[in-house]
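Each chain, written out:
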Amino acid sequence: MKKVLMVVLMAAACFAVFANGSQEKSSAAPSPVAAPAQSVAKIAPKYLEDNPQAITGTVRFWTAFGGSAGMNDMIAAFNKIYPNVKVELNTYSNTSDGNVGVDTALMAGGKVDVLQTFGQNNTSRRANNGLFLDITDKLAKDGLDVKKEWGSDKYVFDGKFYSVPMGGLAYYVAINMDDWRKAGYTDLPKEWTWDEYLEASKKMTVGEGDKKIYGGSDYHSINYFTYPVRQVKGYDAYYKDDGTSNFDDPLMLEALKREIKAEVTDKIWFPLTVYRSDSIQSQVVYCNHQVASVIIPNVIRFIRDTKKYPVTWQTGFAPYPVEKKGQKNYLAPVSVFSHAAITHDCKDMDAAWAFFKFFSTYGAIYLVPAGHMPTWSGTDLKNAVNVIFGSEENAAKLVDIESMNRVVFNYSGDAYIETTSKGISDIEKIVNQYTLDAHAGKTTPEEALKHMKAEADQAIKDAQ
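Residues numbered from 1 in each chain as written. Predicted model: local features only at pLDDT ≥ 70, side-chain atom pairs only at ≥ 80, totals over all residues. Heavy atoms only, no water.

Student: Tell me what's going on with the environment of Lys 111, and back it up with residues and numbers.
Tutor: With respect to the secondary-structure elements, Lys 111 resides in the loop between α3 (96-108) and β3 (114-118). For the pair Lys 111 and Thr 343, spaced 232 residues apart in sequence, the C-alpha separation works out to 9.5 Å. Excluding residues within four positions of it along the chain, Lys 111 makes contact with Arg 60, Trp 62 and Ala 105. (Helix = DSSP H or I, 4+ residues; strand = E, 2+ residues; numbered from the N terminus. Contact = heavy atoms within 4.5 Å.)

Structural data, given as structure tokens:
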């Protein structure tokens, strides 16, 4: 009875009892290692400890999100249940340099207890290097079935769980609704093709020189030309099932040529070369009204910050484009992007385990202000608007609520997943080099992809 009461109290602290359907992952993806059998069928999930007030200690929590991006509220909600646990928030930059700093801290020991780690590469590298605690038995003991709770049990290393996939991203097109209407459009698309998005980008492109507003933009990350392969394939866009690289996929070439044409030839998309030369990011050019629309996974994080980004328009949301109508879109639902893990040398284990479970379940709703999505099957996003903007009235000034709920908070259907990362660090460097060369006209898209294929195959071979 006491446990039930605490669940209710905790739920109130988190605005509501969170409950939605569990997220299904791409059925096309093979699992590289069989997930460990979890004997939890007859055990009720234990999200909270039986006597929370008896849990004491300090948890050094590292994440890429600052206190104002939901983490202070998450920690406050946790401390309403666990008043005798001190949580020390350390915010790092989820960049190459930032992740080097995280790895350094993990290897030094005694600095991190619970880590939110981003991307398959960072997560698998740290697990395989023994920096995370094996939590397989702890999950089973508390009746936490990873697939039922977080939608996928594909993320295992050596047949064991070292993390849970508790955070995700939605991939979509953010649209300035003023520009959308000026271009003659009314309703936002519920499905659209690349040809349709490019046509809309053309119509929304206005002005010249410093006053030019590009109608569209790909995300600022160099590798985003490969994301149409994610949309179509559903898993491991860089890899084939035979263990070689996938850069000879015809869609890779088509997508790179399409991006270059939109940016360099037609000049209807903000150029990747400017993103890189000026060290700016997509949310900046969108909020500065240098583009009318942008492919981006986390714009909510920025438009809610009206002091730093005082936008004067309402943002609408359209799904990630497809190659042809009716095609399965693996980038339409929320895809796994971040994991929670406990470090191998965690100091106060009881406190860390309690916090790990809370953050990965009830506390995951607080990822939403940072533009990221919870993957816990118990999450109900009916209150997400209030969590992000304070009220629906405030939200309506900044976003089209209907399209945000439909597009950004979409958990319906199979989502893209990554199950391997062999040679990924080298592959990312290879992709970046030849993509930029192609955009700068130093090589053709065809030659760029040939180089990517040959060098990525070698990187995978070297990583065996």
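Student: Tell me about helix α8 (residues 194-204), residues and numbers included.
Tutor: Of the positions making up α8, those classed as buried are Trp 194, Tyr 197, Leu 198, Ala 200, Ser 201 and Met 204. Projected down its long axis, α8 shows its buried positions confined to an angular sector of 160°, all on one face. For α8, the exposed residues set more than 90 degrees away from the buried face come down to Asp 195 and Lys 202. (Buried < 20%, exposed > 50% of the residue type's maximum accessible area, 1.4 Å probe, protein only. Arc of directions from axis to C-beta.)

Student: Tell me about the domain arrangement of the chain, residues and numbers included.
Tutor: A common measure of how large an interface is: the accessible area buried when the components associate. According to the domain assignment, the chain consists of domain 1 (2-169 + 335-379) and domain 2 (172-332 + 419-463). Contacts between the two partners involve 19 residues from domain 1 and, on the opposite side, 17 residues from domain 2. Taken together, the links from domain 1 to domain 2 amount to two residue pairs in polar contact (both at pLDDT 80 or more). Residue composition of the side of domain 1 that touches domain 2, by class: 11 nonpolar, seven polar and one charged. (Domains from an automatic or database assignment. Polar contact = N/O pair within 3.5 Å; in protein donor to acceptor, adjacent residues only side chain to side chain. Nonpolar A, V, L, I, M, F, W, Y, C, P; charged D, E, K, R; others polar.)

Student: Go over the packing of aromatic side chains, please, and point to the residues and values.
Tutor: Under the definition given, this model contains 29 aromatic pairs. Here the aromatic rings of Phe 61 and Phe 359 are separated by 4.9 Å at their centres, their planes lie at 65°, and the arrangement is edge-to-face. Here Phe 61 is found in strand β1 (residues 57-63), whereas its partner Phe 359 is found in helix α14 (residues 349-360), with 298 residues between them in sequence. Comparing Phe 61 with Phe 359, the two get one shared label, buried. One aromatic cluster is present, formed by Trp 180, Tyr 185, Trp 192, Trp 194, Tyr 197, Trp 269 and Tyr 320 through successive ring pairs. Taking NZ or CZ as reference, Lys 138 lies 4.9 Å from the ring centre of Trp 353, over its face. The ring of Tyr 227 carries Arg 230 above its face, with NZ or CZ at 4.0 Å from the centroid. (Phe/Tyr/Trp six-rings, centres within 6.5 Å; stacked < 30°, edge-to-face > 60°. Lys NZ or Arg CZ within 6 Å of the ring centre and 35° of its normal.)

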